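Examination of the molecular architecture
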Amino acid sequence: MIDKHDAYDEVLAILDQTAKLLGWEEQDYLRLKYPEREMKVSIPVEMDDGSLQIFEGYRVQHSNLLGPYKGGIRYHQSIDLSEIRTLAAWMTFKCAVVNLPFGGGKGGIKVDVTELSKSELERLTRAYTNMIYPIVGPDTDIPAPDVNTNAETMAWFMDTYSSLRGEPTPAVVTGKPIELGGSLGRADATGLGIKLMVREICKKHKLAFKGARIAIQGCGNVGRSAAKHLHRSGCKIVALSDVSGGIYQEEGLDIEEILKFLSEETGRLLQDYYSPGIRRIPREELLIQDVDILIPAALGHQITGELAPQIKARLIVEGANAPTTIEGDKMLAKKGVIIVPDILANSGGIIVSYFEWIQNLYSLKWEEYDINQKLETIMVEAFNKVWDEAEKYSTSLRQGAYLIALDRLITAAKMKDLEQQTIHEYRHSIQSVHSY
Ligand SMILES: NC(=O)c1ccc[n+]([C@@H]2O[C@H](COP(=O)([O-])OP(=O)(O)OC[C@H]3O[C@@H](n4cnc5c(N)ncnc54)[C@H](O)[C@@H]3O)[C@@H](O)[C@H]2O)c1
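All values reported here derive from a predicted model rather than from experimental measurement. Counting starts from 1 at the beginning of each chain's written sequence and moves along it residue by residue. Where totals are concerned, whole chains, interfaces and linings use all residues; where local detail is concerned, this predicted model gives features only for residues with pLDDT of at least 70, and gives and counts side-chain atom pairs only at 80 or more. To obtain the side-chain values, all non-hydrogen atoms of the structure were included, while hydrogens and water were left out.

**Here's the deal with helix H6 (residues 186–204)**
Since one α-helical turn is 3.6 residues long, residues separated by three or four positions face the same way. Here H6 spans 28 Å end to end across 19 residues, near enough to the 27 Å set by a 1.5 Å rise per residue. One or two steps after H6, the chain reaches lysine 206, where phi turns positive at roughly 50°. Only runs of H or I of at least four residues qualify as helices and only runs of E of at least two qualify as strands under DSSP, and these elements are numbered from the N terminus. By this rule the span expected of a helix is its residue count minus one, scaled by 1.5 Å.

Right under this line is the structure:
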């Protein structure tokens, strides 16, 4: 639910509102209002034509109350420190809601990737790694891919970090190629997690999971893999869209064929897909189709206050980060639409990143079946906890997720403070003994 204009204010408002519900004082969660560390770097890169360009990069470490900072690295021309700071805080909540031993961090470079060659992008990534080297590491801060970065970017990052450290250090990043220590199941984890969340919310609302009619916005990593898993579980994907437009088929789209057509290697778009029986819809209309379940899995800020009254789905499972604006959220609540919020629904990726990190640290290789089983255990448990919390406070699942996350974070903070206090008291008592 990030609003780009006052993104971090939104984090602060959620902190205040949630802590109040939990009965905590501001002193108890004050430290969560301030990112623990923010690094801004000016990255010099030699371009292919021999000229030098300077790019602005960031790494924000919001909180390590629950473990090392964890969060992706985003390359985009529009990012700024405020956005990265907000996304870092969001990672703190996401890790806390699914109970991972990670804190929250985020990084990024202000760059339009379409204007750089591959070798320029590699030099940029390596120079950025060099500059943030002092504050990252397998025990301190573990980056991952995000918008416009991928497994290859992580390979460059890991290679540079390992050279600087003088030893192979695969656990410094997750989302690596399998051949370099990446985890089986990582590429599909977010989509698989979304399927699990759809299944669980259907159970709670006594809606048949098999045969449920679903619309998915976005055919990227998340949308494609969610469509695949839901289709294979018997759901009917009736509408799908990407940046080029949308398609609709009342009796359910042939997802296997569409996925083959759209595969990453082909780089093809939906506008070029044809099959008898499909109807083309403008991409904006995907979200207002008459379906049981809607999965926004493309961009942020799609379900606005203006659009929300037109939404016909009873259930929304947020695949993208922050697809619903604050106004949109309020309108949907009034209509009685139930939302499984982003920090829970799309956490499959971070959970399998956690598995990748463990495998790297202990030189293990887990089977994909075991990884998926562990993912399911964590996500279903988190879903049920969020559900119970929302019931207990008669509130939304989104607020329930914040309640779970914040309670874990504040409890950890209090325990640390207690420890400090105990150490202080101990030192004081020693001093008293010596002074006799
Ligand atoms: N990849 C992950 O594991 C992961 C994990 C958690 C959250 N997310 C979030 O999920 C969202 C999607 O991530 P992704 O990795 O699939 O990205 P991606 O870049 O692989 O795919 C984005 C998709 O959205 C489509 N799209 C762009 N503009 C659109 C529009 N106006 N209407 C319809 N479709 C449009 C693109 O054509 C593409 O199919 C992002 O918000 C991301 O932050 C991703």
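**Observations concerning the sheet that holds strand S5 (residues 141–145)**
Any two strands with at least two DSSP-identified bridges between them are counted as paired. Across the sheet, five strands lie side by side as S1-S2-S4-S3-S5; this open sheet has mixed pairing. Across the chains shown, the open sheet's two edge strands, defined by having one partner strand only, are strand S1 (37–46) and S5. With direction set aside, neighbouring strand axes in the sheet form an average angle of 20°. Examined bridge by bridge, S1 and strand S2 (residues 52–63) share ten bridges and lie antiparallel to one another. Along S2, the bridge assignment pairs isoleucine 43 with phenylalanine 55. For helices, the fitted line uses only the C-alpha atoms of the stretch in contact; every axis is such a line through C-alpha atoms, and the angle between N-to-C directions lies from 0 to 180 degrees.

**Some remarks on the sheet that holds strand S9 (residues 279–281)**
If you trace the seven strands from one edge of the open sheet to the other, you get S9-S8-S7-S6-S10-S11-S12, paired in mixed fashion. Unpaired on one side and paired on the other, S9 and strand S12 (338–340) mark the two borders of the sheet. This sheet shows a mean twist of 20° between the axes of neighbouring strands, independent of strand direction. Examined bridge by bridge, strand S11 (residues 315–317) and S12 share three bridges and lie parallel to one another. Bridged to valine 317 within S12 is valine 340.

**Observations regarding the domain arrangement of the protein**
As far as domains go, the protein holds domain 1 (36–172) and domain 2 (188–347). By convention here, the domain bounds are inherited from an automatic or database domain assignment. The C-alpha-based centres of domain 1 and domain 2 are spaced at 29 Å. Note on contacts: a residue pair is in contact if any heavy atoms of the two residues lie within 4.5 Å. Counting residues at the interface gives five residues for domain 1 and six residues for domain 2. Accessible area, probed at 1.4 Å, shrinks when two parts are joined; the buried area is that loss added up over both. Summed over both sides, the interface between domain 1 and domain 2 buries roughly 530 Å², with carbon and sulfur atoms accounting for 63% of that surface. We count a salt bridge whenever a side-chain nitrogen from Lys or Arg sits within 4 Å of a carboxyl oxygen from Asp or Glu. Joining domain 1 to domain 2, the criterion identifies zero salt bridges.

**Regarding unusual backbone geometry**
Here the phi dihedral of lysine 206 falls at roughly 50°; this positive angle occurs in a residue that is not glycine. Residue position: lysine 206 is located in the loop between H6 and strand S6 (213–217). The phi torsion at histidine 301 lies on the positive side, around 60°, for a residue other than glycine. Along the chain, the position of histidine 301 falls in the loop between strand S10 (293–296) and S11.

**Some points on a nonpolar patch on the surface**
Patches here: salt-bridge-free residues with over 30% relative accessible area, like charges joined within 9 Å, nonpolar side chains (Val, Leu, Ile, Met, Phe, Trp, Tyr) joined within 5 Å. Computed with the Shrake-Rupley method and a 1.4 Å probe, the accessible areas treat only the protein chains shown as cover for residues. A contiguous nonpolar patch, built from Leu361, Tyr362 and Leu364 and spanning about 300 Å² of accessible area, is present on the exposed surface. Taking the relative accessible area as the measure of exposure, tyrosine 362 reaches 58% and is therefore exposed. Buried, partly exposed and exposed residues are distinguished by accessible area as a fraction of the type maximum, computed with a 1.4 Å probe on protein chains only: under 20%, between the cut-offs, and over 50%, respectively.

**Here we look at the side chain of threonine 18**
Of note, threonine 18 is situated in helix H1 (residues 7–22). Given the relative accessible area of 1%, threonine 18 is considered buried. The term polar contact refers here to a pair of N or O atoms within 3.5 Å; inside protein, the definition further demands a hydrogen-donor-capable atom paired with an acceptor-capable atom, and it admits residues adjacent in sequence only when both atoms are side-chain atoms. Of the polar contacts made by the side chain of threonine 18, one reaches the side chain of glutamine 399; its length is 3.0 Å. With residues up to four places along the chain from it excluded, the contact list for threonine 18 reads Gln399, Tyr402, Leu403 and Leu406.

**Re the pattern of salt bridges**
As a working rule, side chains carrying opposite charge can pair if their charged atoms are close by. With the rule as written, the count across this model stands at 26 salt bridges. Here glutamate 152 and lysine 118 are joined by a salt bridge, their closest N and O atoms 2.8 Å apart. Residue glutamate 152 is found in helix H5 (residues 151–165), and its partner lysine 118 is found in helix H4 (residues 118–132); the two are separated by 34 residues along the sequence. When its relative accessible area of 31% is taken as the criterion, glutamate 152 is described as partly exposed. Within the structure, one salt-bridge network assembled from shared partners comprises Arg74, Glu83, Lys106 and Asp146.

**Considerations on the environment of arginine 31**
Tracing the chain through its elements places arginine 31 in the loop between helix H2 (26–29) and S1. Taking the relative accessible area as the measure of exposure, arginine 31 reaches 35% and is therefore partly exposed. Residues arginine 31 and glycine 211, spaced 180 residues apart in sequence, show a C-alpha to C-alpha distance of 47 Å.

**Observations regarding the state of the cysteines**
In what follows, a disulfide is any cysteine sulfur pair within 2.5 Å. One pass over the structure, following the stated rule, counts zero disulfides. A disulfide-free cysteine, cysteine 202 has its sulfur positioned 6.6 Å from the sulfur of cysteine 235, the nearest such atom. On the basis of relative accessible area, cysteine 235 is assigned to the buried category, the value being 5%.

**With respect to the packing of helix H11 (residues 348–361) against helix H12 (residues 368–392)**
Following both chains from N to C, one finds H11 and H12 inclined at 130°, their axes separated by 10 Å at the closest point. When the axes of H11 and H12 are compared, the pair comes out oblique. Crossing of H11 over H12 shows right-handed handedness. Of the residues in H12, those in contact with Gly348, Ile351, Val352, Phe355 and Gln359 of H11 are Ile371, Lys374, Leu375, Ile378 and Met379. For classification, angles of less than 35 degrees are called roughly parallel, those exceeding 145 degrees roughly antiparallel, those between 65 and 115 degrees roughly perpendicular, and all remaining angles oblique. Put simply, a crossing is left-handed when the front helix is turned counterclockwise from the back one by less than a right angle, and right-handed when it is turned clockwise.

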